[in-house]
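Spelled out from the first residue to the last, the chains are:
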Amino acid sequence: MKKKLWSILLCSAMIATGGTGLGMQTVYAEEAEESYTVGFIVGSREHVFYNLIEDAIEEKCAELGIEAICYDGELDANIQSNHIENLVAQEVDAIALATVDAAGVGPAIEAADEAGIPMFTFDSPCNTVDCIICHVGTDNVEGGRLGAQECLRLLGDEGGTAAIIGNPASSSCLDRENGFLEVMENEAPDNVEVEFNGNYQGDANVASSLVQDWLTADPNLGVIFATGDPACTGALASIKSAGADTLIVGYDGNPEAIEAIYAQDGDGKWWVSEISQDPPKIGHTIVEQIYKYLTTGEVDAEEIPIEPYIITYEYIEENDLMSEE
């Protein structure tokens, strides 16, 4: 932990008062607080969502005087683990990461904790360890519920097939799946069939291949709930290539999703809805909680959920999301 040590300077100055009297004024130099260095590991810089979080992290760290060391986790638990080991060797004051594989990165998290480094998570938690001080992320179970409700709305009275593209290695994506399936089990009418189309591994190309095979088997697939925007991008390419009418409900709320939904004569004919997260709020909040812990030894809560919401064309219009600044 780095400290800026400032001596308190006592200065005596003769100040004239009333033309004849003299007074003494004591002047103190500002006593600076401790400075901190914190390591952050995002899921992947290939994803706009994580870039937005990283931007917010750097912004809030600059505001609070924290030196931020940001690494790209590249959706790889081994790479994340290596980054954690590197940050421990640098003796940072805390580490926060978006876990891409909770089981894979868990041992590195525990090792850092044993080395005395406070550990935090954002976006995707690590439920395989019990040393995380605070997690900040979207209420992904609720987001999955919203995704299912939106799929049911789009299918309407006619019903049809509602499918989900998942990524079980990610705790956040798994929560989205669970929320989706919960609603489908409890609320879907008999004329709605629910399918699961495997693991897209956070890769748009994998998602594209999955959907291509899916549409070959079921050309009348009604709606897809994708647990991340990269899956939407891949699904969209295959749907357009197949000439299918399948609709997409995405998850993240990235600018590319908003642009796609807004283009009703283009991609918005297929990509019609989005369960939106708030990456700037996630980034700002995790930094605030780390700073609070380092300065007071406390956090506001062990888990701080950021509520998701639904974006449609109407929402974009009503909130003027596509206006030019």
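Note that the coordinates shown come from a computational prediction; the quantities given were computed from them, not determined experimentally. (Residues numbered from 1 in each chain as written. Predicted model: local features only at pLDDT ≥ 70, side-chain atom pairs only at ≥ 80, totals over all residues. Heavy atoms only, no water.)

**A word on the pattern of salt bridges**
Close approach of charged atoms allows side chains with opposite charge to pair. Taken as a whole and judged by the stated rule, the model has eight salt bridges. A salt bridge links K60 to E63; its shortest N-O distance comes to 3.2 Å. Here K60 and its partner E63 are both found in helix α1 (residues 48-64), three residues apart, which amounts to about one turn of the helix. Here K60 falls in the buried class, since its relative accessible area comes to 11%. (Salt bridge = Lys/Arg side-chain N within 4 Å of Asp/Glu carboxyl O. Helix = DSSP H or I, 4+ residues; strand = E, 2+ residues; numbered from the N terminus. Buried < 20%, exposed > 50% of the residue type's maximum accessible area, 1.4 Å probe, protein only.)

**Notes on the side chain of T312**
Along the chain, the position of T312 falls in the loop between β14 (309-311) and α10 (313-318). Taking the relative accessible area as the measure of exposure, T312 reaches 14% and is therefore buried. Reaching out from T312, the side chain makes a polar contact with the side chain of E314 at a distance of 3.3 Å. Ignoring sequence-local partners within four residues, the contact set of T312 consists of E150, R153, I261, V272 and S273. (Polar contact = N/O pair within 3.5 Å; in protein donor to acceptor, adjacent residues only side chain to side chain. Contact = heavy atoms within 4.5 Å.)

**Notes on the pairing of strand β10 (residues 223-226)**
Every second residue of β10 is oriented toward a common face, with V223 and F225 on one face and I224 and A226 on the other, all of them buried. Across three bridges, the pairing between β10 and strand β11 (residues 247-252) is parallel. By the bridge assignment for β11, V223 is matched with L247. Once you follow β10 into helix α7 (residues 229-242) and on to β11, the crossover reads as right-handed. (Pairing = 2+ DSSP bridges. Right-handed = clockwise from strand over helix to strand, strands pointing away.)

**Focus: a negative patch on the surface**
A surface patch of like charges, here negative, comprises E110, D113, E114 and D130. Mapped onto the secondary structure, D130 falls in the loop between β6 (119-122) and β7 (132-138). Residue classification places D130 among the exposed positions, given a relative accessible area of 75%. (Patch = residues over 30% accessible without salt bridge, like charges linked within 9 Å, V, L, I, M, F, W, Y side chains within 5 Å. Areas by Shrake-Rupley, 256 points an atom, 1.4 Å probe, with all protein chains shown as cover. Lys, Arg positive; Asp, Glu negative; His and termini not counted. Charge placed at Lys NZ, Arg CZ, Asp CG, Glu CD.)

**Section: the sheet that holds strand β3 (residues 36-42)**
Read from one edge of the open sheet, six strands run β4-β3-β5-β6-β7-β13, paired in parallel fashion. Since the sheet does not close on itself, it has two edges, and those belong to β4 (66-72) and β13 (303-306), each with one partner. Mean inter-strand twist for the sheet, computed between neighbouring axes without regard to direction, equals 15°. Bridge analysis of β3 against strand β5 (residues 94-97) gives four bridges, and the strand direction is parallel. When the sheet's bridge partners are listed, V38 is paired in β5 with A94. Packed on one face of the sheet, helix α9 (residues 279-296) meets β3, β4, β5, β6, β7 and β13 and runs near 165° to β7. (Axes fitted to C-alpha atoms, helices over the stretch in contact; angles between N-to-C directions.)

**Description of the packing of aromatic side chains**
For any pair of aromatic rings, the description consists of the separation of the ring centres together with the inter-plane angle of the planes. Taken as a whole and assessed by the stated rule, the structure comprises seven aromatic pairs. Taking 6.2 Å as the distance between ring centres and 65° as the angle between the ring planes, the aromatic pair formed by F225 and Y251 counts as edge-to-face. One end of the pair, F225, is in strand β10; the other, Y251, is in strand β11, and 26 residues separate them in sequence. Consider the rings of Y262 and Y313, whose centres lie 5.4 Å apart with planes at 20°: the pair is stacked. On the criterion of sequence distance, the pair formed by Y262 in helix α8 (residues 255-262) and Y313 in helix α10 is long-range, its members being 51 residues apart. For Y262, a relative accessible area of 30% puts it in the partly exposed group. With a relative accessible area of 22%, Y313 lands in the partly exposed category. (Phe/Tyr/Trp six-rings, centres within 6.5 Å; stacked < 30°, edge-to-face > 60°.)

From the geometry alone we can't say anything about function, so treat these as descriptive.
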